[in-house]
Structure formats: structure tokens, C-alpha cells
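Architecture and fold: a report
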Amino acid sequence: MFKAPFLVANWKMNYGIKQAVQVTADIVVGLRGMRRKGQLVLCPSYPALLSVKQTIGDESISLGAQDLSGQDRGAFTGEVAPWMIKEAGAEYVIIGHSERKKYCNETDESINKKVKNALKEGLIPIICVGETFEERQENQKDHVVLRQVQNALDGVKVSPINPIIIAYEPVWVIGTGQAIEPSDAEYMHTLIRQVLIDLYPLVVVDHHTAILYGGSVDENNVDEFCDKEHIQGFLVGSASLHSQQFLKIIEKVCKESSAQS
Ligand code: PGA
């Protein structure tokens, strides 16, 4: 179901409708003539979802939201339900980003609720996990990430119609311009994959889950991660904001993955 390499652009709260449409249009033009593999997902802010979808048109680019409500409908001022995101044309939704944990009181419990709500509506959740600097210093990173994955997936039946994506993002490197060592990321990805194998049949894990790396990925370091067996793609923040920079990343990732296949 998932076609690696998988590239997700997380534009966070940087672009309104106008800029998101402009960057999308530049990406669409830049992709023409590029030999592309895998899947590409753009995640603009809520108000820009529909316009970005229209700008994508028939191109094989998918749309994702950056969060969603754990509720379905009704008196929840400011919340956005999964079906609304779907209606705007999105197929994916980022859940539990570390910035939401830090600034918006997102917890393992609320993340689990949102994952279930996304799947119920047919949205594919991109579940963010990752340790803080303090947790890493205290040798807690394996334990923390295992706990986050297990809790996010508590009671979730992953299947061909309920695929999921995990994004491993060490919190302390996000937005710093300094990614972790690729071998370090591969170690964490192997660990996450093992948790998934403990929870679901191997065939489901192989075909209906993907594990991405995120945290200061850019056009200069992305190729170092590409040959790692369990890194199936990337969640890119800052370096996805500028179309030319993001296109370079796409080009490199596609080239590396062609060289390996
Ligand atoms: P970054 O952000 O690429 O700017 O580190 C990644 C993310 O927050 O998803």
C-alpha cells in the first residue's frame, strides 16, 4: 500500500492560503520532468487545505492536515473534525507533533483518541514520536519512544484499510538545522518496527505501516539517511518551506532510492 520513499512536508503555522498555493504551484512545476518515486504529502494549515488541493489538481501529490479533533461533531469551538479535513481533500493527518505536546497539552491519551478518530474517517495518521533532550540524557529514549508508540496504538487495529505511519522525530533536533546520526535514527526505527511486529502480523507491518524520520532533514543530509533499511521516508519542516530546497530533497531521495532498487 505504501510506496517508499515517503516525503511529508509540514508547513506548520508558516503559510496562509496565498503562500501555500504559490509554493504548491512551484512544486507542481518543479516535479514535471523529474523521475519520481514514492509518495509526496503536503501539509498546509487548515485554511489552505482546499486551495492547495485545487492547486495540486491531477498531480500525484497528496494532502494532509497538521492535527484534528478527537471529537466528531458538535459544540467544540475551534476544533476541526476528521470528516471536515476529508471534505477539504486531505488523506493524511499529522498527529501528536512534539510542538502540540509542548504548547497544546497533547498527551498519549489524546493522541490515541485522535488516531482512532482519523482511522474511523479513513484518514491515514502520521503519528509523531520522539524523546526530548533530557530523556535522551537520562538514557530513557528507548523506553519513551516505545511507550509513545504503544499508547498511540492502544486498541488500534492496523490493517489494509487502516494503515498508519509513524514519524520518529527526536524533539531536540527539530528546527535546529542539525539532524541526528543516520545510524542512530536507524537504531530507533528498528526498535519502533519491533514494537509494530509485536502488535501486528508481519505482513501488515510490511505493507500497511511506514516509519519516517523527521528533525532537521535538508538537501545536504537527506542522502545519508536514504540507505538505511528501516527509514522509509521523511517528515520535513523548515526545508520544505521553500520549493526549490524541497524539490532538491525530493530529487535526492528519488535518486537514492532508484540506486538501491
Ligand atoms: P524540521 O521540522 O525539519 O524543521 O526540523 C520537522 C518537524 O517538526 O516535523
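Residues numbered from 1 in each chain as written. Predicted model: local features only at pLDDT ≥ 70, side-chain atom pairs only at ≥ 80, totals over all residues. Heavy atoms only, no water.

**Notes on unusual backbone geometry**
Spelled out, the test is: Working definition: helices are DSSP H or I runs of at least four residues, strands are E runs of at least two. Numbering for both runs from the N terminus.
Between Ala 4 and Pro 5 the backbone carries a cis peptide bond, its omega angle lying at -5 degrees. You can see Pro 5 is positioned in the segment before strand 1 (6-10). The backbone of Lys 12 sits at a positive phi, close to 50 degrees, despite the residue not being glycine. Positioned with a positive phi, Asn 139 is a non-glycine residue whose angle comes to about 60 degrees. Here Asn 139 shows up in the loop between helix 6 (133-137) and helix 7 (141-152).

**Concerning the packing of aromatic side chains**
Under the convention used in this document: The criterion for an aromatic pair is that two Phe, Tyr or Trp rings (for Trp, the six-membered ring) have centres within 6.5 Å, with stacked assigned to planes under 30 degrees apart, edge-to-face to planes over 60 apart and tilted to the rest. Type-normalised accessible area, obtained with a 1.4 Å probe on protein chains alone, sets the label of each residue: buried when under 20%, exposed when over 50%, and partly exposed for intermediate values.
Considering all chains together, one arrives at 6 aromatic pairs under this definition. On the numbers, 5.8 Å between centres and 70 degrees between planes, the contact of Trp 11 with Tyr 15 is edge-to-face. A relative accessible area of 0% places Trp 11 in the buried class. Taking relative accessible area as the criterion, Tyr 15 reaches 12% and is therefore assigned buried. Ring pairs connect the aromatic residues Tyr 168, Tyr 213, Phe 225 and Phe 234, which therefore count as one cluster.

**Some details on the sheet that holds strand 4 (residues 92-95)**
In plain terms, the rule: DSSP calls a pair of strands paired once it identifies at least 2 bridges connecting them. Interaxial angles span 0 to 180 degrees and are taken between N-to-C directions of axes, which are lines fitted to C-alpha atoms, for helices over the stretch in contact. Residues are treated as being in contact if the distance between any of their heavy atoms lies within 4.5 Å.
Reading around the circumference, 1-2-3-4-5-6-7-8 is the order of the 8 strands in this closed barrel, with parallel pairing throughout. In this sheet, adjacent strand axes meet at a mean angle of 25 degrees when their direction is disregarded. Sheet topology note: the strand 7 (residues 209-214)/strand 8 (residues 233-236) ladder contains 2 bridges and is parallel. Within strand 8, the position partnered with Gly 214 by the bridge is Leu 235. Strands in contact with helix 2 (residues 49-56) are strand 2 (39-43) and strand 3 (62-65); relative to strand 3, the strand with the most contacts, it is inclined by about 170 degrees.

**Overview of the environment of Glu 59**
The line we're drawing: Whenever a nitrogen or oxygen atom comes within 3.5 Å of another N or O atom, the pair is scored as a polar contact, on the condition that within protein one atom can donate a hydrogen and the other can accept it, and that pairs from neighbouring residues in sequence are kept only if both atoms are in side chains.
In this fold, Glu 59 is placed in the loop between helix 2 and strand 3. Assessed through its relative accessible area of 30%, Glu 59 is described here as partly exposed. Considering only alpha carbons, one finds Glu 59 and Val 144, 85 residues apart in sequence, at a separation of 39 Å. What Glu 59 contacts, discounting residues up to four positions off in sequence, is Val 28 and Arg 32. Within polar-contact distance, the side chain of Glu 59 engages the side chain of Arg 32 at 3.5 Å.

**A short note on the environment of Trp 83**
Within the secondary structure, Trp 83 sits in helix 3 (residues 82-87). Sequence separation between Trp 83 and Tyr 103 is 20 residues, and the spatial gap between their C-alpha atoms is 25 Å. When neighbours within four sequence positions are excluded, Trp 83 is seen to be in contact with Asp 72, Arg 73 and Glu 121.

**A word on helix 11 (residues 243-260)**
Heads up, the rule is: One less than the residue count of a helix, multiplied by 1.5 Å, gives the span that helix is expected to have. Here the arc refers to the set of directions running from the helix axis out to each C-beta atom.
Look at helix 11: 26 Å from first C-alpha to last across 18 residues, which is about the 26 Å you get at 1.5 Å a residue. What helix 11 keeps buried is the set Ser 243, Phe 246, Leu 247, Ile 249, Ile 250, Val 253, Cys 254 and Ser 257. For helix 11, the angular spread of buried residues about the axis comes to 155 degrees, placing them on one side. Residues of helix 11 that are exposed and angled more than 90 degrees away from the buried face: Gln 244, Lys 255 and Ala 259. The elements touched by buried residues of helix 11 are strand 1, helix 1 (17-31), strand 2, helix 10 (222-226) and strand 8.

**Points about the pairing of strand 5 (residues 124-129)**
The buried fraction of strand 5 is high, at 6 of 6 residues. Taking every second residue as pointing to the same face, both faces of strand 5 are buried, with Ile 124, Ile 126 and Cys 128 on one and Pro 125, Ile 127 and Val 129 on the other. Examined bridge by bridge, strand 5 and strand 6 (residues 164-168) share 4 bridges and lie parallel to one another. In the strand pairing of strand 6, Val 129 is matched with Tyr 168.

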